[in-house]
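Chain and residue survey
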Amino acid sequence: MQSDQTKWNLRYQENPFPNQPLDLLKQYITRIQPQKNLKALDIACGMGRNSRFMRDYGFYVESVDISNFAIHSLQNEHNIHAFCEDLDTFKIPPHHYDLICNSYFLERRLFPFIREGLKKGGILVFETFARSEIESYNAFVQDSNHLLHKNELLHAFLNLEILFYEETLIPHIKDSTFALVARLVGKAT
């Protein structure tokens, strides 16, 4: 069986990934007042599209991914500390981040640590695939354990002030298929 690191290294090397940050991130990052020493966490950062955007907005970004290939692409980037770690065992320090971004990665074990990792007033932007009753809308994910259930993301973060939530279809980059995603923005109170 192929290791997670090998699998993701191959995916990043062989497939084009979007280079634009999440639309939700672009929209809601403005809710955080620009100031000194803003810290952000990019969970499963991939090739760094969201990390670079947060950095350019003024954050010091900690970017974590299991792929050493992806992490290598972020090395020597100003105000980005990129490190390779298995997210199955990753720990998030409490009350540490002004912004946490989780983009197209699902590790339910992290939900309480994500909530606790936000400083008061901190923002969470979370977007990933969800399970659809229409089988073809589950096409992006091979393992159904990596799909959220209906309203699962919303319920996981109800202790945050929910600024935005939806489950919607998005088009695939390469063809005309669609996938169901859940999108959430929450604020720590």
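Data block above holds the structure.
Because the structure is predicted, anything quoted here is derived from the model rather than measured.

**Focus on the packing of aromatic side chains**
Tallied over the full model, the rule gives seven aromatic pairs. With a centroid separation of 6.3 Å and an interplanar angle of 45 degrees, the aromatic rings of Tyr-28 and Phe-164 are classed as tilted. Note that Tyr-28 is positioned in helix α2 (residues 23–28) and Phe-164 in strand β6 (residues 161–171), a separation of 136 residues in sequence. Between the aromatic rings of Tyr-57 and Phe-59, the centroid separation amounts to 6.2 Å while the plane-to-plane angle is 25 degrees, which identifies the pairing as stacked. By the ring-pair criterion, three or more aromatic residues cluster together here, those being Phe-111, Phe-126 and Phe-157. A cation over an aromatic ring shows up here: Arg-115 above the ring of Phe-157, its NZ or CZ 5.8 Å from the ring centre.

**Focus: unusual backbone geometry**
For residues besides glycine, phi is generally negative; the peptide bonds are generally trans as well. Look at Asn-37: it is not a glycine, yet its phi comes out positive at around 65 degrees. Note on placement: Asn-37 falls in the loop between α2 and β1 (39–43). Positive phi, close to 65 degrees, is recorded for Asn-76, a residue that is not glycine. Structurally, the position occupied by Asn-76 is in the loop between α4 (68–74) and β3 (80–84). Since its relative accessible area comes to 83%, Asn-76 is described here as exposed.

**Side note on the side chain of Asn-102**
With respect to the helices, strands and loops of the structure, Asn-102 is situated in strand β4 (residues 97–103). Judged by its relative accessible area of 2%, Asn-102 is buried.

**Re the pairing of β3**
Two strands pair when backbone bridges link them, and strand β2 (residues 60–65) and β3 are joined in this way by five bridges, in the parallel orientation. Across the sheet, Val-64 pairs through a bridge with Phe-83, a residue of β3.

**What about the environment of Leu-99?**
Its place among the elements puts Leu-99 in strand β4. Between the C-alpha atoms of Leu-99 and Val-125, which are 26 residues apart in sequence, the distance is 7.7 Å. Excluding anything up to four places from it in sequence, Leu-99 contacts Leu-25, Ile-29, Ile-32, Lys-39, Ala-40, Leu-41, Met-54, Phe-59, Leu-118, Ile-123 and Val-125.

**A word on the environment of Ala-179**
Tracing the chain through its elements places Ala-179 in strand β7 (residues 178–187). Note: C-alpha distance between Ala-179 and Ile-134 (45 residues apart in sequence) is 9.6 Å.

**Let's talk about the nonpolar core**
Leu-41, Ile-43, Ile-92, Ile-100, Ile-114, Leu-124 and Phe-157 are the most contacted members of the largest nonpolar core, which totals 29 residues. Counting residues per element, the ones that place at least two in this core are β1, β4, α5 (111–117), β5 (118–129), α6 (152–156) and β7. Apart from the residues lying within four places of it in its own chain, the contact partners of Ile-100 are Leu-41, Ile-43, Ile-114, Gly-117, Leu-118, Ile-123, Leu-124 and Val-125. Membership of the second largest hydrophobic core comes to 21 residues, among which are Leu-25, Ile-29, Ile-71 and Ala-82.

**A closer look at the sheet that holds β1**
Overall, mixed pairing links the seven strands, which are arranged β3-β2-β1-β4-β5-β7-β6 in an open sheet. With partners counted over all chains shown, the strands left at the sheet margins are β3 and β6, one partner each. Going from strand to strand, the sheet's axes swing by 10 degrees on average, the running direction of each strand aside.

Parameters at a glance
- Counting starts from 1 at the beginning of each chain's written sequence and moves along it residue by residue.
- Per-residue local features are limited, in this predicted model, to residues with pLDDT of at least 70; the limit for side-chain atom pairs, both in listing and counting, is 80 or more; totals at the level of whole chains, interfaces and linings are taken over all residues.
- In computing side-chain properties, one takes all heavy atoms of the structure into account and sets aside hydrogens as well as water.
- Stacked, edge-to-face and tilted labels apply to pairs of Phe, Tyr and Trp rings (six-membered ring for Trp) whose centres lie within 6.5 Å, assigned for plane angles under 30 degrees, over 60, and everything in between, in that order.
- In this description a helix means any DSSP run of H or I spanning at least four residues, a strand means any run of E spanning at least two, and both kinds are numbered starting from the N terminus.
- Whether a charge sits over a ring comes down to the Lys NZ or Arg CZ being within 6 Å of the ring centre and within 35 degrees of the ring normal.
- When accessible area is computed with a 1.4 Å probe and restricted to protein chains, residues below 20% of their type maximum are described as buried, those above 50% as exposed, and intermediate ones as partly exposed.
- Strands are labelled as partners when DSSP assigns at least two bridges between them.
- Contacts: residue pairs with any heavy atoms within 4.5 Å of one another.
- Residues enter a nonpolar core if they are buried and are Ala, Val, Leu, Ile, Met, Phe, Trp, Tyr or Cys, with the set joined through side-chain atoms within 4.5 Å.
- Every axis corresponds to a line fitted to the C-alpha atoms, with the helix fit spanning only the stretch in contact, and the corresponding angles, defined between N-to-C directions, vary from 0 to 180 degrees.

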